[in-house]
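Observations on the three-dimensional arrangement
Residue strings, one per chain:
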Amino acid sequence: MNFMVEIIKDPKVIAAIIAAITSIITIFILKPFIEKRLFKFKLVEEHKYQQRKLIKEVLAKNKINLLNSAEQLNHRFWNFRNNHSKNWHLVKGDYFNKKNYYFNSFIYRILSFFAWIKITNKEMIFIDTTIATKDDLFFIKYLQIFPQIMCDLFLFEGFEYDSNSSSDHFFRNDFENIITTLIENEVVVDYAKYLNKLDNEMGNLKEQYSRLCNFLDGLSPNEKRLRFDRLQLLHLTIIAFLNKYGYDFQYTDKEKIIKIIQKPRISKLIDNYEKLIIRGKLNKEKEMRRLLEIVKTLPNKKYSAYRN
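Some details on the nonpolar core
By size, the foremost hydrophobic cluster in this structure holds 88 residues, and its most contacted members are Leu111, Phe114, Tyr194, Leu234 and Tyr273. Among the elements that take part in this core, helix α3 (residues 101–123) stands out by supplying 13 residues, more than any other. Contact partners of Leu234, with chain neighbours within four places excluded, come to Leu73, Phe77, Phe114, Phe146, Ile149 and Met150.

Now the structure itself:
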């Protein structure tokens, strides 16, 4: 017995016993636990990698078309800003006349931009976009905010407006129905084919299409309606989008942004616009944050004076 006690007191024996116990714990308890955790971690990371890869593939596939359509609409907004008083967009209800180039091409540029957004969103419908990389997630948030600028009544909070009339906003489903007519085989049709559709598909959606046309027909910054304000905010958002993701030649500097905000006048909805951007979690994106900071620093801005 004493012999056994002496053996146990031997440091080498104690070390061996501890090593044996450690091995047993590691093999039968810790190893399965660690392997299980590592396996779960590996599955999660592989899922994230695959989903992020799919997101990047969809965005890369459609990015050029989105940027090009955004740039074309941006140019038209600049042209309209400088020439709205010439009333090239005043057609007095003649919405299906193919000779009204300025009006028809304006409508087409709006629809084609939103059609590319719809195509991109559709391709991501089965992808987990919540785990996108930071830049890709901001890209997705831009795609989500654009339709809201055209359709969301949140922008009209504090103003007297008949939400059932849809005179200065769009019912989301109606707007998407019109957009869908420009999509064939997952691409947006060209302007020539769009004109041909005025007699066919657009005719079938005559009432809905006419609402969009009425939105643009005779639009003026001097009227009491709020439709100009929506388009001005859409223009600003497109500029932030192009500044973030576009080419260097598509970049709009601070001085030009100030011109868009102030001339011909500041949007009546500018306060609600900032709230909409914050609600959409887009205010932390660099170019959008820069845009909102420019708005805040403008002198003599009196948004309340525009309220009814």
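Regarding a nonpolar patch on the surface
A surface patch of nonpolar side chains, amounting to about 310 Å² of accessible area, comprises Ile64, Tyr247 and Phe249. In this structure, Tyr247 sits in the loop between α9 (227–245) and α10 (254–262).

As for the pattern of salt bridges
In this structure the tally under the stated criterion is 19 salt bridges. Of the charged contacts in the structure, one is a salt bridge between Lys61 and Glu123, with a shortest N-O distance of 3.2 Å. In this pair, Lys61 sits in helix α2 (residues 11–83) while Glu123 sits in helix α3, placing the two residues 62 residues apart along the sequence. Overall, Lys61 belongs to the exposed group, its relative accessible area being 56%. On the basis of relative accessible area, Glu123 is assigned to the partly exposed category, the value being 23%. Ionic pairing is found between Glu285 and Lys244, a salt bridge with its closest N-O pair at 4.0 Å. With a gap of 41 residues between them, Glu285 in the loop between α11 (270–279) and α12 (286–297) and Lys244 in helix α9 connect regions that are remote in the sequence. Accessibility expressed as a relative area gives 0% for Glu285, which makes it buried. Residues participating in the shared-partner salt-bridge network are Glu184, Lys193, Lys197 and Glu201.

A few points about the environment of His89
For His89, the location among the structural elements is in the loop between α2 and α3. Note on His89: relative accessible area 1%, which makes it buried. For the pair formed by His89 and Gly218, sequence separation is 129 residues and the distance between their alpha carbons is 5.9 Å. Non-local contacts of His89, meaning those with residues more than four positions away in its chain, are made with Phe80, His84, Tyr102, Phe103, Leu216, Asp217, Gly218 and Leu219.

Quick word on the packing of α10 against α12
The description of two packed helices rests on the angle between their axes and on the distance between the axes. Closest axis-to-axis distance for the α10/α12 pair is 10 Å, and the angle between their directions is 60°. Classified by the angle between their axes, α10 and α12 sit oblique to one another. Crossing of α10 against α12: the hand is right-handed. Counted together, Lys254, Ile257, Ile258 and Ile261 of α10 and Arg290, Leu291, Ile294 and Val295 of α12 form the full contact between these two elements.

Concerning helix α4 (residues 134–151)
For α4, spanning 18 residues, the distance from its first C-alpha to its last is 26 Å, which sits close to the expected 26 Å at 1.5 Å a residue. Burial runs high along α4: 13 of the 18 residues are buried.

Some words on the packing of helix α5 (residues 172–180) against helix α8 (residues 206–216)
One can describe the packing of α5 onto α8 by two numbers: an axis separation of 9 Å at closest approach and a directional angle of 100°. With respect to α8, the axis of α5 lies roughly perpendicular. Together, Asp174, Phe175, Asn177 and Ile178 of α5 and Gln208, Tyr209, Arg211 and Leu212 of α8 make up the contact between the two elements. Looking at the contact of α5 with α8, its residues break down into four nonpolar, two polar and two charged.

Reading guide: rules and limits
Per-chain numbering applies: the sequence of each chain, read as written, is numbered from 1 onward. The model is predicted, so local features are restricted to residues of pLDDT at least 70 and side-chain atom pairs to those at 80 or more, both for listing and for counting; the totals for chains, interfaces and linings are taken over all residues. No hydrogens and no water enter the side-chain calculation; it runs on all heavy atoms of the structure. Throughout, nonpolar core names a set of buried Ala, Val, Leu, Ile, Met, Phe, Trp, Tyr and Cys residues whose side chains join them through atoms within 4.5 Å. Working definition: with a 1.4 Å probe on protein chains only, accessible area under 20% of the residue-type maximum means buried, over 50% means exposed, and in between means partly exposed. Here a strand is any run of E in DSSP of at least two residues, a helix any run of H or I of at least four, and the numbering for each starts at the N terminus. The contact rule is simple, with two residues in contact once any of their heavy atoms fall within 4.5 Å. Without a salt bridge and with relative accessible area above 30%, a residue can belong to a patch; like charges are then joined within 9 Å and nonpolar side chains (Val, Leu, Ile, Met, Phe, Trp, Tyr) within 5 Å. The accessible surface values rely on the Shrake-Rupley method and a 1.4 Å probe; as for residues, cover is taken only from the protein chains in view. Between Lys or Arg on one side and Asp or Glu on the other, a salt bridge is scored when a side-chain nitrogen of the former is within 4 Å of a carboxyl oxygen of the latter. Axis geometry follows a simple rule: fit a line to the C-alpha atoms, using only the stretch in contact for helices, then measure angles between N-to-C directions, giving values from 0 to 180 degrees. Orientation labels follow simple angle bins: below 35 degrees gives roughly parallel, above 145 gives roughly antiparallel, 65 to 115 gives roughly perpendicular, and whatever is left gives oblique. For any pair of crossing helices, the crossing counts as left-handed if the nearer helix is rotated counterclockwise from the farther one by less than a right angle, and right-handed if it is rotated clockwise. Multiplying 1.5 Å by the helix residue count minus one yields the expected span of that helix. Residues are grouped as follows: nonpolar covers Ala, Val, Leu, Ile, Met, Phe, Trp, Tyr, Cys and Pro; charged covers Asp, Glu, Lys and Arg; every other residue, Gly included, is treated as polar.

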